[in-house]
Amino acid sequence: MKVGFAGTPEFARIALQAIVEAGFDVPLALSQPDRPAGRGLKLHASPVKQFAAARGVPVLQPRSLRLDGKFADDAASARQALIDAALDVLVVAAYGLILPTWALALPKLGCINIHASLLPRWRGAAPIQRAIEAGDAETGITIMQMDAGLDTGPMLLRQALPIAAEETSASLHDKLAGLGGELVVRALREITSLPPTVQPADGASYAHKIDKAEAAIDWAQPAAAVERRARAFDPFPGCSFTLGGETIKLWRARLAEGQDAPGCVPGCVLGGGGEGRLLVACGSGVVELLELQRTGGRRLAAGDFLRGHPVAPGTVLGSSAA
């Protein structure tokens, strides 16, 4: 069976590696164009492109797949390459471009998508982060037959994964990427016998793309919401607040059990928490800040941060987007 692949980041690379190592013939991969990154803003190939090139898989990097758009020539070239590849199926994982109708119709068995949630919950661009932010007890991987909608196609396989109490988006990403690779190999092996299941209408939600402006901590939120967002936004974009006019990133926090701050302004630093601890009043409850980072510095445990940058009880922390 000829399996095409379309994907860009590390999540997708892990899936492509699983497909290749399972012995499937992958005649073609699509990935986003190289992007500038790092201090020198040099062009860097995506993880999918790097892996495909190392394994001798031809890579296409169209800027668009719209035949009537600004980059119609790119789309036409990609279309012809997909026709020439005579694919049985196209696997899509975090590609970054919407597949138009012509692309969905080309492979003999259609296109299947690896989605990092238990559909229909958290359709869209940021299902891992939104699941943690919302306090979900579990998430998972759905292998879906693609249609013209946004993550609305019938489901072929679906497997749940618990979200641990201290899970970050980084750690959950790695677990889901591995699970996605396992499930897509199974789906490809059983694709002609897997019954498609229509997604239920109930429980559908949309995972909006993470915006940098969301990094600003709103201390008026409940302490549990502040703690979850710190985990959800690690590694990107991180959560941040202001202290004496300086932007500080918060990478790790926990609920201060048994602590309360009646009458305190949200964002107020509390005393009496013990040496090396940084307790902050929220709209309800108290959160303990555990890992912080000054601009240009490295991540520090709260005790190390406070030794070099003392914070007096009664100080009110502000909100700032990173």
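As a starting point, this report considers the structure included with it. (Residues numbered from 1 in each chain as written. Predicted model: local features only at pLDDT ≥ 70, side-chain atom pairs only at ≥ 80, totals over all residues. Heavy atoms only, no water.)

Observations concerning the pairing of strand E9 (residues 138–145)
Reasoning step 1: Summarising burial for E9: 7 of the 8 residues are buried, a large majority.
Reasoning step 2: Direction of pairing for strand E7 (residues 111–115) relative to E9: antiparallel, over a ladder of 4 bridges. Paired with Asn113 across the two strands is Met144, which belongs to E9.
Reasoning step 3: Where E9 meets strand E10 (residues 155–162), 7 bridges bridge the pair, whose relative direction is antiparallel. Bridged to Ile143 within E10 is Leu157. (Buried < 20%, exposed > 50% of the residue type's maximum accessible area, 1.4 Å probe, protein only. Helix = DSSP H or I, 4+ residues; strand = E, 2+ residues; numbered from the N terminus. Pairing = 2+ DSSP bridges.)

Looking at the packing of helix H1 (residues 10–21) against helix H6 (residues 169–189)
Reasoning step 1: One can describe the packing of H1 onto H6 by two numbers: an axis separation of 8 Å at closest approach and a directional angle of 35°. Relative to H6, H1 is oriented so that their crossing is right-handed. Between H1, through Glu10, Phe11, Ile14, Ala15, Ala18 and Ile19, and H6, the contact on the second element is made entirely by His173, Leu176, Ala177, Gly178, Gly181, Val184, Val185 and Leu188.
Reasoning step 2: For the contact of H1 with H6, a count of residues per class yields 10 nonpolar, 3 polar and 1 charged. (Axes fitted to C-alpha atoms, helices over the stretch in contact; angles between N-to-C directions. Left-handed = near helix turned anticlockwise from the far one by under 90°. Contact = heavy atoms within 4.5 Å. Nonpolar A, V, L, I, M, F, W, Y, C, P; charged D, E, K, R; others polar.)

Geometric descriptors of this kind do not, in isolation, establish any biological role.
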